[in-house]
Amino acid sequence: MISARRLHRRTLAAAAAVAAGTLALTACSGDDATSSGGNTQFVSGTGRLNVVKASERMAAPDISGETTDGDELALADYRGKVVVLNVWGSWCAPCRAEAPNLRKVAEDTADRDVQFVGINTRDLDVANAQAFDRSFDIEYPSLYDPSGKLILKFPKNSLSPQAIPSTLILDREGKIAVRALKPLSEKELRKALEPVIEEK
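Residues numbered from 1 in each chain as written. Predicted model: local features only at pLDDT ≥ 70, side-chain atom pairs only at ≥ 80, totals over all residues. Heavy atoms only, no water.

> Explanation requested: unusual backbone geometry in the structure shown.
For residues other than glycine, phi is negative in most cases, and the peptide bonds are mostly trans. For the bond running from isoleucine 164 to proline 165, omega is 5 degrees, close enough to zero to count as cis. With respect to the secondary-structure elements, proline 165 resides in the loop between strand S7 (142-145) and strand S8 (166-170). At aspartate 113, a residue that is not glycine, the phi angle is positive and equals roughly 60 degrees. Relative to the helices and strands, aspartate 113 resides in the loop between helix H2 (93-109) and strand S6 (114-121). Aspartate 113 gets classed as partly exposed once you look at its relative accessible area, which sits at 41%. In this model, arginine 122 sits at a positive phi of 65 degrees, which is unusual for a non-glycine residue. Mapped onto the secondary structure, arginine 122 falls in the loop between S6 and helix H3 (126-135). (Helix = DSSP H or I, 4+ residues; strand = E, 2+ residues; numbered from the N terminus. Buried < 20%, exposed > 50% of the residue type's maximum accessible area, 1.4 Å probe, protein only.)

Below is the structure:
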């Protein structure tokens with residue numbers, strides 16, 4: 001006979017596995033993931049980079065939680081800044097390829113009211129995420145999201161980060177201005193970020 005507590009644990013484990021499995025479908029994939037549903041209200045760019053007109057942007061969810069360093073972080077804390085939100089995993093080769101580009105642009109734009117934030121996902125041991133940051137000299141914070149529950153908070157019909165890696169650029173009002181479903185070169189990231197920084 002299974003106790004109620006053990007059954008509850010199994011239910012939670014199953015839910016976490018489903019969330020992780022959902023991400024696994026597009027993780028480190030070369031396929032082009034698209035936003036679900038109709039009426040996405042975005043202008044589709046070439047490849048896997050979408051740029052949204054200011055009048056048609058949707059707000060990103062106010063996600064919050066513990067970082068890979070054990071601190072508390074909320075996206076709402078950065079309202080008024082441009083936020084570059086990158087979804088990554090230490091196990092993901094494209095994430096490793098783009099990490100130096102993210103670090104360089106983060107350093108170069110720190111004095112322009114730009115904040116980089118990571119969402120580390122599917123790393124079941126936080127030590128792997130911490131080792132990744134040390135290896136690439138990443139100093140900006142990352143939310144620790146091993147089961148993908150923070151990513152699932154992005155609503156349907158929005159430009160959600162559906163692949164790993166994904167990068168969202170949020171404007172100063174916390175709305176999604178750009179989504180890239182691919183690893184970004186330094187040049188691509190600067191080109192996507194600059195117009196959002198310059199918005200008044």
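> Sorry, what's going on with the nonpolar core here?
Soluble globular proteins tend to pack their nonpolar side chains together in the buried interior. By size, the foremost hydrophobic cluster in this structure holds 47 residues, and its most contacted members are Leu85, Phe116, Ile169 and Leu193. Only strand S5 (82-88), H2, S6, H3, S8, strand S9 (176-180) and helix H4 (186-198) provide two or more residues apiece to this core. Sorting elements by how many residues they give to this core places S5 first, with six residues. The residues contacting phenylalanine 116, other than those within four sequence positions of it, are Val84, Leu102, Val105, Ala106, Thr109, Tyr140, Pro141, Leu189 and Leu193. (Core = buried A, V, L, I, M, F, W, Y, C linked by side-chain atoms within 4.5 Å. Contact = heavy atoms within 4.5 Å.)

> Would you take a moment to explain the environment of lysine 187 for this structure?
Here lysine 187 lies in helix H4. Under the relative-accessibility criterion, lysine 187 is labelled exposed at 70%.

> What is the right way to read the packing of aromatic side chains from this model?
Applying the stated criterion across every chain, the model contains three aromatic pairs. Centroid distance tryptophan 88 to phenylalanine 132: 4.4 Å. Interplanar angle 25 degrees. Geometry classified as stacked. Here phenylalanine 132 lies in helix H3 and tryptophan 88 lies in strand S5, a separation of 44 residues in the sequence. Summarising the burial analysis for this pair, tryptophan 88 and phenylalanine 132 share the class buried. With 5.5 Å between their ring centres and 45 degrees between their planes, phenylalanine 116 and tyrosine 140 make a pair best called tilted. Taken together, the positions of phenylalanine 116 in strand S6 and tyrosine 140 in the loop between H3 and S7 put the pair 24 residues apart, joining distant regions of the chain. As far as the burial class goes, phenylalanine 116 and tyrosine 140 line up, both buried. (Phe/Tyr/Trp six-rings, centres within 6.5 Å; stacked < 30°, edge-to-face > 60°.)

> Explain H2 here, please?
Structural remark: α-helix, 3.6 residues per turn; residues separated by three or four positions point the same way. Taking 1.5 Å per residue as the helical rise, H2 with its 17 residues ought to reach 24 Å, and the 25 Å between its terminal C-alpha atoms agrees with that figure. The sharpest bend along H2 reaches about 35 degrees and sits at alanine 99, with the proline proline 100 one to four residues further on. Within the span of H2, buried status applies to Cys95, Glu98, Ala99, Asn101, Leu102, Val105, Ala106 and Thr109. Of the surrounding elements, those touching the buried residues of H2 are S5, S6, H3, S8 and H4. (Expected span 1.5 Å × (residues − 1). Bend = angle between axes of the 7 residues up to and from the residue.)

> In this structure, what is going on with H3? I would like to understand it.
Considered for burial, the residues of H3 that qualify are Ala129, Phe132 and Asp133. An end-on view of H3 places all buried positions within 95 degrees of arc, on one side of the element. Residues of H3 that are exposed and point over 90 degrees away from its buried face: Arg134 and Ser135. Contacts from the buried residues of H3 go to S5, H2 and S6. (Arc of directions from axis to C-beta.)

> Would you take a moment to explain the side chain of threonine 67 for this structure?
When you line up the elements, threonine 67 lands in the loop between strand S3 (64-66) and strand S4 (72-74). On the basis of relative accessible area, threonine 67 is assigned to the buried category, the value being 5%. Leave out the neighbours within four places in its chain, and threonine 67 touches Leu73, Pro141, Ser142, Leu143 and Tyr144.

> Is there a simple way to explain the pairing of S6 in this structure?
For S6, the buried fraction is high: eight of the eight residues fall into the buried class. What joins S5 to S6 is H2, and the crossover it makes is right-handed. As paired strands, S6 and S7 are joined by four bridges and run parallel to one another. Each residue of the ladder has a partner; that of glycine 118, found in S7, is serine 142. In this fold, S6 hands off to H3, which returns the chain to S7; that crossover is right-handed. (Right-handed = clockwise from strand over helix to strand, strands pointing away. Pairing = 2+ DSSP bridges.)

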